Number of protein chains: 2
Amino acid sequence: MPTNSHTLIEELDGSLGPGLVRSGADIPQRNWQDAAGIDPHPPAILVMPRSTEQVARCLEICNRHGAAVVVQGGMTGLAGGAHPQGREVAISLERMSGIEEIDTISGTLTALAGTPLAEVQAAAAEAGFFCGIDLGARGSCTIGGNVSTNAGGNQVLRYGMARRNVLGLEVVLADGRVLTSLNKMLKNNAGYDWTQLFIGSEGTLGIVTRVVLGLHPKPRGVQSALCAFASFEDAITVLRRLDDALPGRLIVFEAMWREYMDVTCGPGGMARPFTDEPELVVLLEAAMGDAEGGADLFEETLGGFLEEGLLVDALIARSENDRARFWSYREAVYEFRRILPKGSHFDISIPLSRLAEAVAMLRTRTAALGPDAAFIVFGHVADSNIHVSVRDPAYDAAMGARFEEMVYGIVAELGGSISAEHGIGVLKRPHLGKSRSAPEIEVMRQIKQTLDPGNILNPGRVLPRGERV
Amino acid sequence: MPTNSHTLIEELDGSLGPGLVRSGADIPQRNWQDAAGIDPHPPAILVMPRSTEQVARCLEICNRHGAAVVVQGGMTGLAGGAHPQGREVAISLERMSGIEEIDTISGTLTALAGTPLAEVQAAAAEAGFFCGIDLGARGSCTIGGNVSTNAGGNQVLRYGMARRNVLGLEVVLADGRVLTSLNKMLKNNAGYDWTQLFIGSEGTLGIVTRVVLGLHPKPRGVQSALCAFASFEDAITVLRRLDDALPGRLIVFEAMWREYMDVTCGPGGMARPFTDEPELVVLLEAAMGDAEGGADLFEETLGGFLEEGLLVDALIARSENDRARFWSYREAVYEFRRILPKGSHFDISIPLSRLAEAVAMLRTRTAALGPDAAFIVFGHVADSNIHVSVRDPAYDAAMGARFEEMVYGIVAELGGSISAEHGIGVLKRPHLGKSRSAPEIEVMRQIKQTLDPGNILNPGRVLPRGERV
């Protein structure tokens, strides 16, 4: 915390020049909160650097003053990582935006960290490529935030998490040192790959200022189907068989369990896609390519599964309208906060071999919580990732604690993770020990201590605040 | 270095039990050298732990004595990382071998670090899956070594480097602490992913004792072709077009330049596959899947490129025999050491957009080295990785230094890497600064200092030895 914030503001202002440092009432509400649902809280100072060099100068000054810094991108995080606390200096990357280069032969894109993901995606598409990172917040979230949180999303099955799409990074360390490896190559074993440390560490080890992404070929001939399964086991069998029949072409496999469909297709909701109510509805997409016969092969393959009884029913999209309608079942979740009672929301991973068990446990244990408690579960199951909401009309903090205990208990019993893709931030920090052992957390603390000995970068996120880091 | 190696041997022997600690003439020659071509050198002590707990006890003892340790797996490394120096204690993982679990629903395999890669591959295949890591040394190299060196190989294009195939690790730190994250899930953002630090750091930060791999579906309906290109640009165009036409199906794209084919098909060598002598011959494989028509689609696609003039000529394998013959051109390289004059060998990466330039520079600059200097170049070009050998009948150390200067000069000029897949070890350590900046190397040193403050683990590999790490 700055001992003298007036001196700090003056020094920052003098170093960065006019208009880039604000304080008090001049700080827009945009910088008061991220998307985690915590009460808005203004930072003491807001800095909006325009260059890596300015980020470096700003961190050098804050580090010298022992001033805590919160790093801000698109403010779409769900774990409170970018949410200001105490009298923090917010460093927002919003003025560092833009695509710097697309190398169409190497298939790479270089962007400043504050560039919105949607802009990165559009630039890749315009150059004839495809960006492997995609998530619902694409319009607001930034590529730097995506990298810092190792973002997931709907196409991880095919393109991996953010980590797999990153080839190079530029990062500013807490003391202002700049690390640059704007690597464009798939293979580079020249010493430790330090970039890995900054992917997914939620801004606690350094500030990502530039990103080099490897681009992918555009998915072509995309076919979509909505599939009804009698059991999770059948869905997994079909997932594996699709890999054999259509290798490398599956891009989406989004599962919605019975309870999810009941809410989506409840009173005033959407029409039920199937006449019966299957255990699981899966939205499935495959990029069949430019060559002729792709659509036929997709249909024949699903037809085979139907004949074998692995699929209960399947609808194949015949038009972009159909495809949009299929996606609207999956996207109905964005309405749930409005139409459902309050509750707790979880982003967990469970090994695929235990996932059916996890859902069965959720059913039994939610029922045991009380007559009005209800849950929904859906997610990117091919990646082991499910999103769970547990709700109750009488929801309060005590009930929230019981819901957490139930869900994290299942995670711990089945060898899962308390955070599949949203990260730890502040909201899940008290639970880190449920997914990580004491020696693991100790090593995380050692790494933090090494790279940020003053504990100025996003303090209290991921790891506990404390006298010593 | 142990101050009193007799005391050290006694303590190791007492802790690990009989038969696991050897010294002097009892140390087999197998443990005297790796595959880097350095003169054999016996370790002072050889320890062959049977369990993670024994590895931990052994490191705790060595750390307390300040005894330098060299970590050994299959001894197939090409950079000298496992090659003993001075009076080191060799810790060989050879007795820690075996597949512990295959989870067929999650699609994961858990193995002890000393398990040979070929055994991992066979176990995955028997369970109906495919291991994404493959390289020529598969019979001898170990999965722990593959992870520690972030091994590449022939199928990186499709399955990535070792890093992308690792889901979980168990690692013993220099002081004997055991870090365990036998994660089976594609997504896990619960805190820093510390496993990334131990992948590719060549045993300098910890000893990998267990590995969880994500498995892939078996490639089915594999089609092979040998293609002749008039230019590198045409080859890259075909590579991109194949991604569009046959998304996700390309698994091999191995390029052999004109000079490589001249050696392979020289006097007493193999028959030239094409009547003319193309700039580039590419061995290309695609997994077309189980569905009918895969072979036809493969042939039609290549036929289209021929008609367009992107391909000069193409041979399609009609039998396993044909396929083996195509591969024999690529595997001829294992004969080169025998039939060619001595020389220097390089494993470099160059951004794809500069690769044609790199080969042109190699041609001009090798010619300028002298009338008998010659080079060959081949490699996994889709991954930016080429292997270069520069040779001369009068090869000696001074000439080797000139060859290095030439090749690493091109790497530096074109923004490449001095090590694509083989690692740094001891052989490339003096050149690390050609691919990494001073701040990058300083951060590597800080990480090493944090995790191995006594500098006992593989000292002098990757980073310089020294009083302070």
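Calculation notes
Starting from 1, residues in each chain are numbered consecutively following that chain's sequence as written. Working convention: letters from A go to chains and numbers from 1 go to ligands, in the order in which they are written. Where totals are concerned, whole chains, interfaces and linings use all residues; where local detail is concerned, this predicted model gives features only for residues with pLDDT of at least 70, and gives and counts side-chain atom pairs only at 80 or more. Hydrogens and water molecules were not included; the side-chain quantities draw on all heavy atoms of the structure. Strands are runs of DSSP state E lasting at least 2 residues, helices are runs of H or I lasting at least 4, and numbering of each runs from the N terminus. For a compact globule the rule gives 2.2 Å times the number of residues to the power 0.38, and the radius of gyration it is set against comes from C-alpha atoms. For every residue, the accessible area obtained with a 1.4 Å probe (protein chains only) is divided by the maximum for its type, and the residue is called buried under 20%, exposed over 50%, and partly exposed between those limits. Here the Shrake-Rupley method, with its probe set to 1.4 Å, supplies the accessible areas, and only the displayed protein chains count as covering residues. Counted charges follow a simple rule, with Lys and Arg positive, Asp and Glu negative, and His plus the chain ends left uncounted. Working definition for charges: the position is that of NZ of Lys, CZ of Arg, CG of Asp or CD of Glu. Copy-to-copy alignment: least squares on C-alpha atoms, limited to residues at pLDDT 70 or above in both. Note on definitions: a residue-residue contact is assigned when non-hydrogen atoms from the two residues lie within 4.5 Å. One bridge is not enough; two strands pair if DSSP finds at least two bridges between them. Here, axes are lines fitted to C-alpha atoms. For helices the fit covers the stretch in contact, and angles between N-to-C directions go from 0 to 180 degrees. On a scale of 0 to 100, pLDDT captures the predictor's confidence in every residue. Accessible area that two parts lose when put together, with a 1.4 Å probe and added across both, is what the buried area reports. For this document, the term salt bridge refers to a Lys or Arg side-chain nitrogen within 4 Å of an Asp or Glu carboxyl oxygen. Contacts described as polar in this section are N or O atom pairs within 3.5 Å, which, within protein, must combine one atom able to donate a hydrogen with one able to accept it, while residues neighboring in sequence count only if both atoms come from side chains. Oblique is the label for every angle not falling under 35 degrees (roughly parallel), over 145 degrees (roughly antiparallel), or within 65 to 115 degrees (roughly perpendicular). Should the near helix be turned counterclockwise from the far one by less than a right angle, the crossing is left-handed, whereas a clockwise turn marks it as right-handed.

### A short note on the overall build of chain A
Looking only at helices and strands, chain A features 15 helices and 18 strands. A compact globule built from 469 residues would reach a C-alpha radius of gyration of about 23 Å, and chain A, at 23 Å, matches this within 12%. Dimensions along the principal axes, computed over C-alpha positions, put chain A at roughly 75 × 55 × 40 Å. The proportion of buried residues among the 469 residues of chain A is 61%. For chain A, the accessible surface area stands at approximately 16,700 Å², while carbon and sulfur atoms represent 50% of it. Once the 43 positive and 57 negative side-chain charges of chain A are each reduced to a mean point, those two points are 4 Å apart.

### So, the relation of the copies chain A and chain B
Once chain A has been moved 0.0 Å along the axis and rotated by 180°, it coincides with chain B to within an RMSD of 0.0 Å. This pairing of chains is accounted for by a two-fold axis. Among all residues of chain A, the minimum C-alpha distance to the rotation axis is found for Gly-248 of chain A, at 2.0 Å. When the interface residues of chain A are mapped onto chain B, 100% of them again lie at the interface, so the same face is used by both copies.

### A short note on the sheet that holds strand E12 (residues 222–229) of chain A
Residues and elements named next belong to chain A. Pairing is antiparallel in the open sheet, where seven strands are placed in the order E15-E12-E14-E13-E17-E18-E16. The sheet is open, and its two borders are formed by strand E15 (313–316) and strand E16 (343–349), each paired with just one other strand. Strand-to-strand twist of the sheet, defined as the mean angle between neighbouring strand axes without regard to direction, takes the value 15°. As defined by bridge partners, strand E13 (residues 250–257) adjoins strand E17 (residues 374–380) across two bridges and the pair is classed as antiparallel.

### What about the confidence of the model for chain A?
Taken residue by residue, chain A gives an average pLDDT of 94. The fraction at 70 or more is 98%. Overall fold confidence (pTM) sits at 0.96, and the ipTM for the predicted complex is 0.95.

### Some thoughts on the interface of chain A and chain B
With 89 residues of chain A at the interface, the matching set in chain B holds 89 residues. Between chain A and chain B the total buried area reaches about 6,900 Å² when both faces are included, carbon and sulfur atoms providing 57% of it. Looking at the side of chain A facing chain B, the largest losses of area belong to Lys-187, Asn-189 and Tyr-192 of chain A, adding up to 15% of the total buried there. Taken together, the links from chain A to chain B amount to eight salt bridges. The partner of Arg-163 of chain B in a salt bridge is Asp-193 of chain A, and the shortest N-O contact between them spans 4.0 Å. Taken together, the links from chain A to chain B amount to 39 residue pairs in polar contact (both at pLDDT 80 or more). Looking at the side of chain A that touches chain B, the elements that each hand over two or more residues are helix H5 (156–159), helix H6 (162–165), strand E9 (178–181), helix H7 (195–198), helix H8 (232–245), helix H13 (352–369) and helix H15 (438–451) of chain A.

### Observations regarding the packing of helix H1 (residues 5–16) of chain A against helix H2 (residues 52–65) of chain A
All names here are of chain A. At their nearest, the axes of H1 and H2 sit 10 Å apart, and the two run at 160° to each other. For the element pair H1 / H2, the angle class is roughly antiparallel. When you trace H1 past H2, the crossing you get is right-handed. Every residue of H2 that contacts H1 at Thr-7, Leu-8, Glu-11, Leu-12, Ser-15 and Leu-16 is listed here: Gln-54, Arg-57, Cys-58, Ile-61, Cys-62, Arg-64 and His-65.

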